[in-house]
Amino acid sequence: QVQLVESGGGLVQAGGSLRLSCAASGSIFSSNVMAWYRQAPGKARELVAAIGRLGGTNYLDSVKGRFTISRDNAKNTVYLEMNTLKPEDTAVYSCAAGRGATSIDYWGQGTQVTVSS
């Protein structure tokens, strides 16, 4: 069974940092684009960052220069390093995998990130 298991969320002050991790099971990691989405209360879910099988990346404009997505193929794990966090980054962050960054086939359960001002 395919599983995506996130970890690393929590409460942090504005300006702080967090690193999210997503461990993937099965063969999905090696054959899919991996991505991080987020959804804040009352807002639509949005794509934060994605990384292709060969390491190409793309980011939401508002996180460029602050967030970094990376993947460790040996560990079947994708990371989201988040620096200079802002209160508006507060959301549930979900790991995702699919044929493309917006063609998602698998979702993780989500992890809460809260940034206090």
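Since we're looking at a predicted model, the values are computed, not measured.

Note: disulfide means a covalent bond formed between the sulfur atoms of two cysteine side chains. Inspection of the entire model under this criterion finds one disulfide. The disulfide partner of C22 is C95, and the S-S distance across this bridge is 2.1 Å. Looking along the S-S bond of the C22-C95 disulfide, the torsion reads about -80°, which is the left-handed sense. Residue C22 is located in strand β3 (residues 18–24), and its partner C95 is located in strand β9 (residues 91–100); the two are separated by 73 residues in the primary sequence. Residues C22 and C95 agree in their burial class; the two are buried.

Turning next to unusual backbone geometry. Phi at N76 is positive, roughly 50°, even though this residue is not glycine. With respect to the element layout, N76 can be found in the loop between β7 (67–72) and β8 (77–82). The backbone of T84 sits at a positive phi, close to 45°, despite the residue not being glycine. Here T84 lies in the loop between β8 and β9. Overall, the relative accessible area of 45% leaves T84 in the partly exposed class.

With that settled, consider the environment of V5. Relative to the assigned elements, V5 resides in strand β1 (residues 4–7). It is 9.0 Å that separates the C-alpha atoms of V5 and W107, two residues lying 102 residues apart in sequence. Excluding its chain neighbours within four sequence positions, the residues that come into contact with V5 are S21, C22, A23 and Q109.

Our focus in this paragraph is the packing of aromatic side chains. This model, assessed by the stated rule, comprises one aromatic pair. Taking the centre distance of 5.0 Å and the plane angle of 65° together, the rings of Y37 and W107 count as edge-to-face. Residue Y37 is located in strand β4 (residues 33–39), and its partner W107 is located in strand β10 (residues 103–107); the two are separated by 70 residues in the primary sequence. One Lys or Arg, R45, reaches over the ring of W107 and ends 3.9 Å from the middle of that ring.

Cut-offs applied
- Residues numbered from 1 in each chain as written.
- Predicted model: local features only at pLDDT ≥ 70, side-chain atom pairs only at ≥ 80, totals over all residues.
- Heavy atoms only, no water.
- Disulfide = S-S within 2.5 Å.
- Helix = DSSP H or I, 4+ residues; strand = E, 2+ residues; numbered from the N terminus.
- Buried < 20%, exposed > 50% of the residue type's maximum accessible area, 1.4 Å probe, protein only.
- Contact = heavy atoms within 4.5 Å.
- Phe/Tyr/Trp six-rings, centres within 6.5 Å; stacked < 30°, edge-to-face > 60°.
- Lys NZ or Arg CZ within 6 Å of the ring centre and 35° of its normal.

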